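# Structural description and commentary
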Number of protein chains: 2
Amino acid sequence: MTYCVAMRLRAGLLFASDSRTNAGVDHIATFRKMNVFEQPGERLVTLLNAGNLATTQSVVSLLRQRAVGQGAHLMNLTSMYDVAELVGKTLKEVVARDSDGPGQLNQGVDFGANFIVGGQIRGEAPRIFHVYPQGNFIEATEDTPYLQIGESKYGKPIIDRVIDFDSSLAEATKCALISFDSTIRSNLSVGLPIDMLLYKTDSFAPAQPHRITKEDPYFMKVSQGWGGGLKRVFEQLPDEDWFA
Amino acid sequence: MTYCVAMRLRAGLLFASDSRTNAGVDHIATFRKMNVFEQPGERLVTLLNAGNLATTQSVVSLLRQRAVGQGAHLMNLTSMYDVAELVGKTLKEVVARDSDGPGQLNQGVDFGANFIVGGQIRGEAPRIFHVYPQGNFIEATEDTPYLQIGESKYGKPIIDRVIDFDSSLAEATKCALISFDSTIRSNLSVGLPIDMLLYKTDSFAPAQPHRITKEDPYFMKVSQGWGGGLKRVFEQLPDEDWFA
């Protein structure tokens, strides 16, 4: 499976994805699930994906192959809304192509995929969208400033507790690492390394994705500090013998 | 939806269930999802259920209606293994009955349900089982001393971190309340009150389920203490400006 999260804060954007792909637990591979399209000074568009690998790779390949020339594409659209719509349209195109043909060929395979699409295009504020397998999409708001795809439930409670629109990028980074740590501990199908990209509002700076392995010193510090801290909080909470 | 958890520790058993039933968010009702069959001094059998309410109510009603007389039933079976098998068999019977008939009648309804079945019968150690919609079942072991059904993912990380076979019943109680609190915060379809039952190994004492509402002083203490403690641990973890 997969776990990806994106946050849209006043200070900027965070994107993070795991890199485990599996078809059954005996077939586990590492694939990057973060793709960046950028023109520093002008635009940054980041895609995170979850779901059928053939579908997500095809969608990204087509978007990249078409990101030149005159027609509307990821490098010339003038709003992130239009970018989300294009991703949704391309997703529908790929799923229609791959699931076409005499019925039994599909053998019950789910061709679906989810994308998080976000970034900033000059003239607009930073925005993030969740594109569904059906090609439609929702946008994160100030009230709910994050989006998740894939195995999202294990790592949701910590985000709900500590992140709001005014959180800093450093807090977002710390929270995202904890959210991944909780997910990885509870679900075999999500695995390190984590790809993370931070973007400061209006910076239009070149993207510098960071690949976080299990030896990353900050990840180790957060993971151990969080685990130990939780146990201390747990131990310090009072017992009650309602039931004694 | 639903969230239920059971733990089987050296010290005894814990059972806990939420009580929200919904068919769409505009139709929310409270139903007890914990059912106890007991003969103090001899046996305690507890059922927790998740899934189609018509199915789970029918299974419990049939088990109760049949728990008298000569045939094999919940009150005279001599092992928890046989009890789990009977619950699975009754579940299959109900699903087969309700989904029988001219095809279109079902209208795509999922008649499935999951049960946690546990307790102690004199002559055996305490045991807990997860009965699947297909009627087959697994048993919790010392390595993995808990079982969950329903919306289990939000509340799983805390259990994975703090519970093992040698945890006390007080620790189990505290952990279960935190697990429910995390789930309720992140998922609208799980709601208070929580029904909780603790059982001490070899006690064969009368069951005293505890209904935990949002005004319960211990639940409030744990919920607030945990939320505040998490925030403190989070704030105390170092920031890092990899990405500055």
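Let us look at the structure shown here. (Residues numbered from 1 in each chain as written. Chains lettered and ligands numbered in written order. Predicted model: local features only at pLDDT ≥ 70, side-chain atom pairs only at ≥ 80, totals over all residues. Heavy atoms only, no water.)

### A look at the overall build of chain A
If you tally the helices and strands in chain A, you get 5 helices and 12 strands. For chain A, the spread of C-alpha atoms along the principal axes amounts to about 70 × 50 × 35 Å. In chain A, buried positions account for 54% of the 244 residues. For chain A, restricting intrachain contacts to residue pairs at least 6 apart in sequence, the fraction spanning at least 24 positions comes to 63%. (Helix = DSSP H or I, 4+ residues; strand = E, 2+ residues; numbered from the N terminus. Buried < 20%, exposed > 50% of the residue type's maximum accessible area, 1.4 Å probe, protein only. Contact = heavy atoms within 4.5 Å.)

### Considerations on helix H5 (residues 217-236) of chain A
With 20 residues, H5 of chain A extends 28 Å between its outermost C-alpha atoms, agreeing within 8% with the 28 Å of an ideal straight helix rising 1.5 Å per residue. Those residues of H5 of chain A not exposed but buried are Tyr218, Phe219, Val222, Ser223, Trp226, Gly227, Gly229, Leu230, Val233 and Phe234 of chain A. (Expected span 1.5 Å × (residues − 1).)

### Re the packing of H5 of chain A against helix H5 (residues 217-236) of chain B
Relative orientation of the contacting elements H5 of chain A and H5 of chain B amounts to 150°, with a least axis distance of 9 Å. With respect to their mutual orientation, H5 of chain A and H5 of chain B come out roughly antiparallel. When you trace H5 of chain A past H5 of chain B, the crossing you get is right-handed. Across the interface between the two elements, Gly225, Trp226, Gly229, Leu230, Val233 and Phe234 of chain A from H5 of chain A touch Gly225, Trp226, Gly229, Leu230, Val233 and Phe234 of chain B from H5 of chain B. Looking at the contact of H5 of chain A with H5 of chain B residue by residue, the class counts come to 8 nonpolar, 4 polar and no charged. (Axes fitted to C-alpha atoms, helices over the stretch in contact; angles between N-to-C directions. Parallel < 35°, antiparallel > 145°, perpendicular 65-115°, else oblique. Left-handed = near helix turned anticlockwise from the far one by under 90°. Nonpolar A, V, L, I, M, F, W, Y, C, P; charged D, E, K, R; others polar.)

### As for the nonpolar core
Of all hydrophobic cores here, the largest spans 62 residues; its most connected members are Met7, Ile159 and Trp226 of chain A together with Met7, Ile159 and Trp226 of chain B. In this structure tryptophan 226 of chain B touches Arg161, Leu230, Val233, Phe234 and Leu237 of chain A together with Ile158, Ile178 and Ser182 of chain B, once residues within four positions along its chain are discounted. (Core = buried A, V, L, I, M, F, W, Y, C linked by side-chain atoms within 4.5 Å.)

### Considering the packing of helix H1 (residues 53-65) of chain A against helix H2 (residues 80-98) of chain A
All names here are of chain A. Direction vectors running N to C along H1 and H2 enclose 125°, while the axes themselves pass 9 Å from each other. By the angle between their axes, H1 is oblique relative to H2. Handedness of the crossing formed by H1 with H2: right-handed. Contacts between H1 and H2 involve Thr55, Ser58, Val59, Leu62 and Leu63 from the former and Leu86, Val87, Thr90, Leu91, Glu93, Val94, Val95 and Arg97 from the latter. Within the contact of H1 with H2, the residues separate by chemical class into 8 nonpolar, 3 polar and 2 charged.

### Details of unusual backbone geometry
All names here are of chain A. Geometrically, the link from leucine 192 to proline 193 is a cis peptide bond, its omega value of -5° lying close to zero. Its location among the elements puts proline 193 in the loop between helix H4 (169-186) and strand E11 (194-200). The residue phenylalanine 204 is not glycine, and still its phi comes out positive at about 50°. Relative to the helices and strands, phenylalanine 204 is located in the loop between E11 and strand E12 (210-212).

### Quick word on the relation of the copies chain A and chain B
After a rotation of 180° and a shift along the axis of 0.0 Å, chain A superposes on chain B with an RMSD of 0.0 Å. Taken together, the turn and the small shift mark the pair as related by a two-fold rotation axis. Relative to the rotation axis, the C-alpha of tyrosine 154 of chain A is the closest in chain A, positioned 2.4 Å from it. Most of the interface of chain A is mirrored in chain B, where 100% of its interface residues again form contacts. (Least-squares fit on C-alpha atoms with pLDDT ≥ 70 in both.)

### Regarding the pattern of salt bridges
The full count for this structure, using the stated rule, is 30 salt bridges over all chains. For aspartate 98 of chain A, the salt bridge identified is with arginine 97 of chain A, shortest N-O distance 2.7 Å. For aspartate 98 of chain A, a relative accessible area of 24% translates into the label partly exposed. A salt bridge links aspartate 166 of chain B to arginine 10 of chain B; the shortest N-O distance between them is 2.6 Å. Of this pair, aspartate 166 of chain B sits in the loop between helix H3 (156-162) and helix H4 (169-186) while arginine 10 of chain B sits in the loop between strand E1 (3-8) and strand E2 (12-17), placing them 156 residues apart in sequence. Each member of the pair, aspartate 166 of chain B as well as arginine 10 of chain B, carries the same accessibility label: exposed. By sharing partners, the salt bridges in this structure join Arg32, Asp195 and Arg211 of chain A into a single network. (Salt bridge = Lys/Arg side-chain N within 4 Å of Asp/Glu carboxyl O.)

### Structural notes on the interface of chain A and chain B
Counting residues at the interface gives 45 residues for chain A and 45 residues for chain B. Surface buried jointly by chain A and chain B totals about 4,500 Å² across both partners, of which 69% is contributed by carbon and sulfur atoms. On the surface where chain A and chain B come into contact, there are 6 salt bridges. Elements that contribute at least two residues to the side of chain A that touches chain B include exactly helix H3 (156-162), H4, E11, E12 and H5 of chain A. If one sorts the elements of the side of chain A that touches chain B by residue count, H5 of chain A sits on top with 12 residues. Grouping the amino acids of the side of chain A that touches chain B by side-chain chemistry returns 21 nonpolar, 8 polar and 16 charged. (Buried area = accessible area lost by both parts, 1.4 Å probe.)

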